[in-house]
Amino acid sequence: MTTEQTRPAGSRSPLRQHSVAADDFAARPWPGAGREYDLVMEFVVAVLVVGALVVGLAAVFSSPDEKSLTVKAWAQATPNDFVATAASELAGTSVSESELGRPYNSTGGNQKLGPLGLQKAAGVRIPVDSVNDFVITPLSSLPATPELSAALASWKAAPAAQQQKWGGAYSDALASKAAGGNPAKVAAGDYGPVPVLTASLLAMAQGGGLQAVIQGEGGFYNTDYTKSVLFLADGTYLEDHAVAEHLGGDQWGMMNETQSYPGQSWMWLYSFWYQIEPFKSSPNADALVWGLMMILSLGLLLIPFLPGIRSLPRWIPIHRLIWRDYYRAHPRPQR
Amino acid sequence: MGRADRLMAVGLDGKAHFISWGPFQISLANLLVIALIVVLFVLAIVLPFPKQRSRP
Amino acid sequence: MTTRADSPAERRSWTSRVRERAEVALPPDKLLPDRQPEYVASWIYVFGVATIAALIFIVASGVVLTLEGPQWYHVSAVGHFVNSVHLWSVELFFVFMVVHLWGKFWMAAWRGRRVMTWITGVVSFLASIGAAFTGYLVQTNFDSQWISSEAKDGLNSVGIGAWFNVVNVGQMLLWHVVLLPLVVGAIVVWHVLLVRRHGVVPPLDAREETSP
């Protein structure tokens, strides 16, 4: 057997010599007694036992598979939320336009990790133009009607400031107490072509055409669902479904699963930080929690080098239980 | 019928149960998985391992 | 161990050097020993191999799911069962791996130049979390809609989302079925070879009793 791994301990400081000597001993091939241990049998038995377990669990408990939500179902189930979302896209106040920021656009919501503005540095790499991608382009694909054509022409001819003014006024009117979200109850006002555009988009969505058009903007083949998911997430339909199943970020949702299945329980610590201050109410919560988890993961990786933590196994002697047969056979010498 | 019986009887496709304690909130299924980890760890270090012939 | 009396020319070849180094590092009786030190006598030692067994079922069920593509399990009872095997082998994989991790921590198993064994173990744990996460993203159901919509904000906040786009199902599918399995698989193989090379860590304080 080779012993090329052993190195002299004499070159280290006297204080460290004890642990260095112990480490050298642990590095050498075990000089003491041995026992028969059939690794291959252990492996085969493990595969058989675990195989029986996973097949049994799969047969008894199955697995969750809740159908994906559709834009059509959203528009049919909660038309008011859909119209409010469409109006917010035109007003430039939707989540995707005013909060997400990079990499989709350069407005708003750029989180910082302490002094590091990593989100901003990454830039706009996946551009999403919410007004056109979610509303104007899909409506332009519809067969022309005099009313819709006039509304689109009016929208396209207006300067951006006027567009946002119309959209904002209609959003506010929808949200007013009198309307209560219902487009039919909105008081008369200067909304420009916005009511026609949002009503047309609602009809398109309810008919099932909108989702395919938004997803198809990327071309014939498109495996990228960025636009579809961003649009769906601009409404409250998706979030309401998630919150009802305890999947919300402030409900430890990161580790939960649909129905009553176990989820990613290994995400417990990542989820935990979102439940407490200062992260809970911080505008930089995502960046701060990510940064903290990276530091903690690095800590786990480097435990062998972390004074104190690496000594815990010595101070809390669970190893006495694990190796109790060995320690019984080899009592500690008197010191 | 207890929770465990209910789970066994109808699978895990029903509405989830949650246990809350201060800022902590966990689904019953996740709690069971974590409890399983703890139980396995304790059993692994407490249960005697089958003895084999030992020779120097 | 056998010492080879190779010709000087052969000794210098890269092939013979690699072979000799491999033979020194991991001779057959070290790679597949039929004996272990006397202290290897606890159920805690079976959780490493149990984790690998679960990984085998993850890969096997994943390969079957790959045959028919990511949406097969929505419409096929067989596909759904294979998906269930995939889910439960992942749950057990993490259960066994955490027990293994706790066991190795309390044994301070990084002692005796086994630091890289610890590090490869932690890296495989972290890579597995990433692999599982991408699995949740490519379910093509409500769960993946919600998880991707939440996770994009977390990753965008530090710039990662600009390249690793969790709502790009094509990208995530390739990460899940190619890149991350390769990473996890390679690190697990490295981890196991390190375990065989350095052997099972001796008990704490074993030095006083048995060292000369």
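Not measured: the values here are computed from a predicted model.

Chemist: Give a detailed account of the packing of aromatic side chains, specifying residues and quantitative values.
Modeler: Aromatic ring pairs: the centre-centre distance and the angle between the two ring planes describe each pair. Scanning the entire structure with this criterion turns up 30 aromatic pairs over all chains. Relative to Tyr 221 of chain A, the ring of Phe 220 of chain A has its centre 5.0 Å away and its plane inclined at 85°; by these criteria the two rings are edge-to-face. Here Phe 220 of chain A matches Tyr 221 of chain A in class, with each residue exposed. What links up through ring pairs into an aromatic cluster is the set Trp 252, Phe 272, Trp 273 and Phe 279 of chain A together with Trp 21 and Phe 24 of chain B. Lying across the ring of Tyr 327 of chain A, Arg 320 of chain A places its NZ or CZ 3.6 Å from the centre.

Chemist: So what about a negative patch on the surface? Which residues, and what values?
Modeler: A cluster of acidic residues, Glu 239, Asp 240 and Asp 250 of chain A together with Glu 150 of chain C, forms a negative patch on the protein surface. Along the chain, the position of Asp 250 of chain A falls in the loop between α13 (237-244) and α14 (268-273). Under the relative-accessibility criterion, Asp 250 of chain A is labelled exposed at 60%.

Chemist: For the pairing of strand β2 (residues 24-27) of chain B, give the residues involved together with the corresponding values.
Modeler: All names here are of chain B. Note that strand β1 (residues 18-21) and β2 share four bridges and pair antiparallel. Residue pairing for β2: Ser 20 is matched across the bridge by Gln 25. Linking β1 to β2, which pair antiparallel, is a turn of two residues; within it Gly 22 sits at a positive phi near 60°.

Chemist: Provide a residue-level description of the domain arrangement of chain A, including the pertinent values.
Modeler: Once the domains are mapped, chain A shows domain 1 (1-62), domain 2 (71-243) and domain 3 (255-335). Averaged C-alpha coordinates put domain 1 of chain A and domain 2 of chain A at centres separated by 58 Å.

Chemist: A description of the packing of helix α4 (residues 79-91) of chain A against helix α9 (residues 160-175) of chain A should follow, citing residues and the corresponding values.
Modeler: Residues and elements named next belong to chain A. The geometry of α4 relative to α9 is characterised by a closest axis approach of 7 Å and an angle of 150° between their N-to-C directions. Classified by the interaxial angle, the pair formed by α4 and α9 is roughly antiparallel. Crossing of α4 over α9 shows left-handed handedness. Within the contact between the two elements, α4 uses Val 83, Ala 84, Ala 87, Ser 88, Leu 90 and Ala 91 and α9 uses Gln 163, Gln 164, Gly 167, Gly 168, Tyr 170, Ser 171 and Leu 174. In terms of residue class, the contact of α4 with α9 is made up of seven nonpolar, six polar and no charged.

Chemist: So what about the interface of chain C and chain A? Which residues, and what values?
Modeler: Counting residues at the interface gives 100 residues for chain C and 106 residues for chain A. At the junction of chain C and chain A, the tally comes to three salt bridges. Taking the shortest distance from any N to any O, the salt bridge between Asp 205 of chain C and Arg 320 of chain A comes out at 3.9 Å. Put simply, chain C and chain A have 32 residue pairs in polar contact (both at pLDDT 80 or more) between them. For the side of chain C that touches chain A, the element with the most residues is helix α6 (residues 77-106) of chain C, which contributes 15 residues. Partitioning the side of chain C that touches chain A into residue classes produces 57 nonpolar, 24 polar and 19 charged. Across three bridges, strand β1 (residues 34-36) of chain A lies against strand β1 (residues 35-37) of chain C in antiparallel orientation.

Chemist: Report on the layout of surface pockets, specifying residues and quantitative values.
Modeler: One number sums up the size of the second largest pocket: a volume of about 1,100 Å³. In this structure, the second largest pocket is lined by 43 residues; those nearest its centre are Gly 48, Ile 52, His 100, Val 192 and Val 195 of chain C. Counting only elements with at least two residues in the lining of the second largest pocket, the list comes to α2 (39-61) of chain A together with α4 (46-68), α6, α7 (115-137) and α9 (169-198) of chain C. At nine residues, the largest contribution of residues to the lining of the second largest pocket is made by α9 of chain C.

Chemist: Can you break down the nonpolar core residue by residue, with the values?
Modeler: Most often, soluble globular proteins keep nonpolar side chains buried together rather than apart. Counting residues in each nonpolar core, the largest one holds 100 residues, and the members touching the most others are Trp 323 of chain A together with Ile 44, Tyr 45, Phe 94 and Phe 96 of chain C. Considering every element that reaches this core, the biggest residue donor is α6 of chain C, with 14 residues. In this structure, Ile 44 of chain C is in contact with Ile 322 of chain A, Phe 41, Ala 44 and Ile 45 of chain B together with Val 99, Gly 103 and Met 107 of chain C, ignoring residues within four places of it in sequence. Ala 86, Ala 87, Tyr 191 and Leu 238 of chain A belong to the second largest nonpolar core, which has 47 residues in total.

Chemist: Could you give me a rundown of the interface of chain C and chain B, with the residues and numbers involved?
Modeler: If you look at the interface, chain C gives 16 residues, while chain B gives 14 residues. Summing the contributions of chain C and of chain B, the shared interface buries around 1,400 Å²; its carbon and sulfur component is 79%. Applying the counting criterion to the chain C and chain B interface returns zero salt bridges. Across the contact surface, chain C and chain B share two residue pairs in polar contact (both at pLDDT 80 or more). Broken down by element, the side of chain C that touches chain B gets its largest block of residues, nine residues, from α6 of chain C. Here the side of chain C that touches chain B is composed, by residue class, of twelve nonpolar, two polar and two charged.

Chemist: So what about the pattern of salt bridges? Which residues, and what values?
Modeler: This model, assessed by the stated rule, comprises seven salt bridges over all chains. Here Asp 24 of chain A and Arg 113 of chain C are joined by a salt bridge, their closest N and O atoms 2.7 Å apart. Note that Asp 24 of chain A is positioned in helix α1 (residues 14-27) and Arg 113 of chain C in the loop between α6 and α7, a pairing that runs across two chains. With a relative accessible area of 8%, Asp 24 of chain A lands in the buried category. Of the residues examined, Arg 113 of chain C reaches a relative accessible area of 24% and is grouped as partly exposed. Taking the shortest distance from any N to any O, the salt bridge between Arg 314 of chain A and Asp 205 of chain C comes out at 3.0 Å. Here Arg 314 of chain A is found in helix α16 (residues 312-315), whereas its partner Asp 205 of chain C is found in the loop between α9 and α10 (206-210) on a different chain. On the basis of relative accessibility, which here comes to 41%, the residue Arg 314 of chain A falls in the partly exposed class.

Rules behind the numbers
- Residues numbered from 1 in each chain as written.
- Chains lettered and ligands numbered in written order.
- Predicted model: local features only at pLDDT ≥ 70, side-chain atom pairs only at ≥ 80, totals over all residues.
- Heavy atoms only, no water.
- Phe/Tyr/Trp six-rings, centres within 6.5 Å; stacked < 30°, edge-to-face > 60°.
- Buried < 20%, exposed > 50% of the residue type's maximum accessible area, 1.4 Å probe, protein only.
- Lys NZ or Arg CZ within 6 Å of the ring centre and 35° of its normal.
- Patch = residues over 30% accessible without salt bridge, like charges linked within 9 Å, V, L, I, M, F, W, Y side chains within 5 Å.
- Areas by Shrake-Rupley, 256 points an atom, 1.4 Å probe, with all protein chains shown as cover.
- Salt bridge = Lys/Arg side-chain N within 4 Å of Asp/Glu carboxyl O.
- Lys, Arg positive; Asp, Glu negative; His and termini not counted.
- Charge placed at Lys NZ, Arg CZ, Asp CG, Glu CD.
- Helix = DSSP H or I, 4+ residues; strand = E, 2+ residues; numbered from the N terminus.
- Pairing = 2+ DSSP bridges.
- Domains from an automatic or database assignment.
- Axes fitted to C-alpha atoms, helices over the stretch in contact; angles between N-to-C directions.
- Parallel < 35°, antiparallel > 145°, perpendicular 65-115°, else oblique.
- Left-handed = near helix turned anticlockwise from the far one by under 90°.
- Contact = heavy atoms within 4.5 Å.
- Nonpolar A, V, L, I, M, F, W, Y, C, P; charged D, E, K, R; others polar.
- Polar contact = N/O pair within 3.5 Å; in protein donor to acceptor, adjacent residues only side chain to side chain.
- 1 Å grid on protein atoms, 1.4 Å probe; cavity = no way out; pocket = protein on both sides within 12 Å on 5 of 7 lines; lining within 4 Å.
- Points joined across faces, edges and corners; volume = space filled by probe spheres on them.
- Core = buried A, V, L, I, M, F, W, Y, C linked by side-chain atoms within 4.5 Å.
- Buried area = accessible area lost by both parts, 1.4 Å probe.

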